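Tertiary structure, described
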Amino acid sequence: MTEKPADLGRAAEALLDSSSHAYAELDPSEIREGIVGLLAAQESAYLEYDMLEIDLALVRALLLETADLDVRLLEWLTEQPSTARLGVTCRALWQLWSPANPHPPIDPATVQRLIAAAEQVDIGTNEAGPYHAALEFAAHQVDDPATLAAIDHEVVHLATADPE
């Protein structure tokens, strides 16, 4: 697949349109669903097409201070956990939770949900990097001891796991 998927929906298209500011008129729930739509499109072409435009959409969502975007992404991931969903979700979280991007505090429950979802799927080399990065960013931004211990456990597991 060499081009972005068609029919992404109004919100996703607005978030991707670099020549327009229509995305600023979207309400937060439309933005969250637009991002989920973009991740679903990426999931459907997993490892065939890197939809780098998602990064633009995520930056726009961050600029609009869209609340609970990470929470919605984890809801989507846990609806049907899969290796592909984990990969695209962690890539988005890597961007969302980066200290380089202003964002709301990370809820420890969201991190715990990510770890629980990751335990349900096979993590290959394509998923390990973004998953590890998301966990590392979370580790520097949460202060819940149980969540930090779970992150430490996952990081050790990733370091000692035999990549597929």
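Please refer to the structure placed before this passage.
These remarks concern the structure in this document. Quantities reported herein were computed from a predicted structural model and do not represent experimental measurements.

Some thoughts on the overall build of the protein
Across its full length, the protein carries eight helices and zero strands. Taking 15 Å as the expected radius of gyration for a compact globule of 164 residues, we find that the protein reaches 15 Å, a close match to that expectation. By the burial criterion, 46% of the 164 residues in the protein qualify as buried. Partitioning the contacts of the protein with sequence separation of at least 6, the portion at a separation of at least 24 is 68%. In the form shown here, the protein has an accessible surface area of approximately 8200 Å², with 52% of it arising from carbon and sulfur atoms. Across the protein, the centroid of the 8 positively charged side chains sits 8 Å from that of the 29 negatively charged ones.

Details of unusual backbone geometry
We note that Glu-65 has phi near 55°; this positive angle belongs to a residue other than glycine. Within the secondary structure, Glu-65 sits in the loop between α3 (53-63) and α4 (69-79). Phi angles above zero are rare outside glycine, and Asp-68 is one such case at about 60°. Accessibility expressed as a relative area gives 46% for Asp-68, which makes it partly exposed.

Some points on the side chain of Arg-32
In this fold, Arg-32 is placed in helix α2 (residues 28-44). Salt bridges are absent for the buried Arg-32, whose nearest opposite-charge side chain, Asp-68, sits at 5.4 Å. When neighbours within four sequence positions are excluded, Arg-32 is seen to be in contact with Thr-66, Ala-67, Asp-68, Leu-69 and Arg-72.

Describing the environment of Arg-72
On the secondary structure map, Arg-72 appears in helix α4. The spatial distance from the C-alpha of Arg-72 to the C-alpha of Ala-133 is 19 Å, given a sequence separation of 61 residues. The residues touching Arg-72, leaving out its near neighbours within four places in the chain, are Arg-32, Glu-33, Val-36 and Glu-79. A polar contact of 2.6 Å, which involves the side chain of Arg-72, links it to the side chain of Glu-33.

Considerations on helix α7 (residues 125-139)
For α7, which comprises 15 residues, the first-to-last C-alpha distance of 21 Å matches the rise-based estimate of 21 Å (1.5 Å per residue) to within 8%. As for α7, its buried residues are in contact with α5 (83-96), α6 (108-118) and α8 (145-160).

Notes on the pattern of salt bridges
A pair can form between side chains of opposite charge whenever their charged atoms are brought close. Taken as a whole, this structure holds six salt bridges when the rule is applied. The salt bridge partner of Glu-33 is Arg-72, with a shortest N-O separation of 2.6 Å. Of the two residues, Glu-33 sits in helix α2 while Arg-72 sits in helix α4, which places them 39 residues apart along the sequence. Since its relative accessible area comes to 13%, Arg-72 is described here as buried.

Some details on α5
The first and last C-alpha atoms of α5 sit 20 Å apart over 14 residues, in line with the 20 Å expected at 1.5 Å per residue. For α5, the tally of buried residues reaches 11 of 14 residues, placing the bulk of the element in the interior. All of the buried residues in α5 are Ala-84, Arg-85, Leu-86, Gly-87, Val-88, Thr-89, Cys-90, Ala-92, Leu-93, Gln-95 and Leu-96. On its buried face, α5 is in contact with α2, α3, α4, α6 and α7.

Cut-off values and rules
- Residues numbered from 1 in each chain as written.
- Predicted model: local features only at pLDDT ≥ 70, side-chain atom pairs only at ≥ 80, totals over all residues.
- Heavy atoms only, no water.
- Helix = DSSP H or I, 4+ residues; strand = E, 2+ residues; numbered from the N terminus.
- Rg over C-alpha atoms; globule rule 2.2 N^0.38 Å.
- Buried < 20%, exposed > 50% of the residue type's maximum accessible area, 1.4 Å probe, protein only.
- Contact = heavy atoms within 4.5 Å.
- Areas by Shrake-Rupley, 256 points an atom, 1.4 Å probe, with all protein chains shown as cover.
- Lys, Arg positive; Asp, Glu negative; His and termini not counted.
- Charge placed at Lys NZ, Arg CZ, Asp CG, Glu CD.
- Salt bridge = Lys/Arg side-chain N within 4 Å of Asp/Glu carboxyl O.
- Polar contact = N/O pair within 3.5 Å; in protein donor to acceptor, adjacent residues only side chain to side chain.
- Expected span 1.5 Å × (residues − 1).

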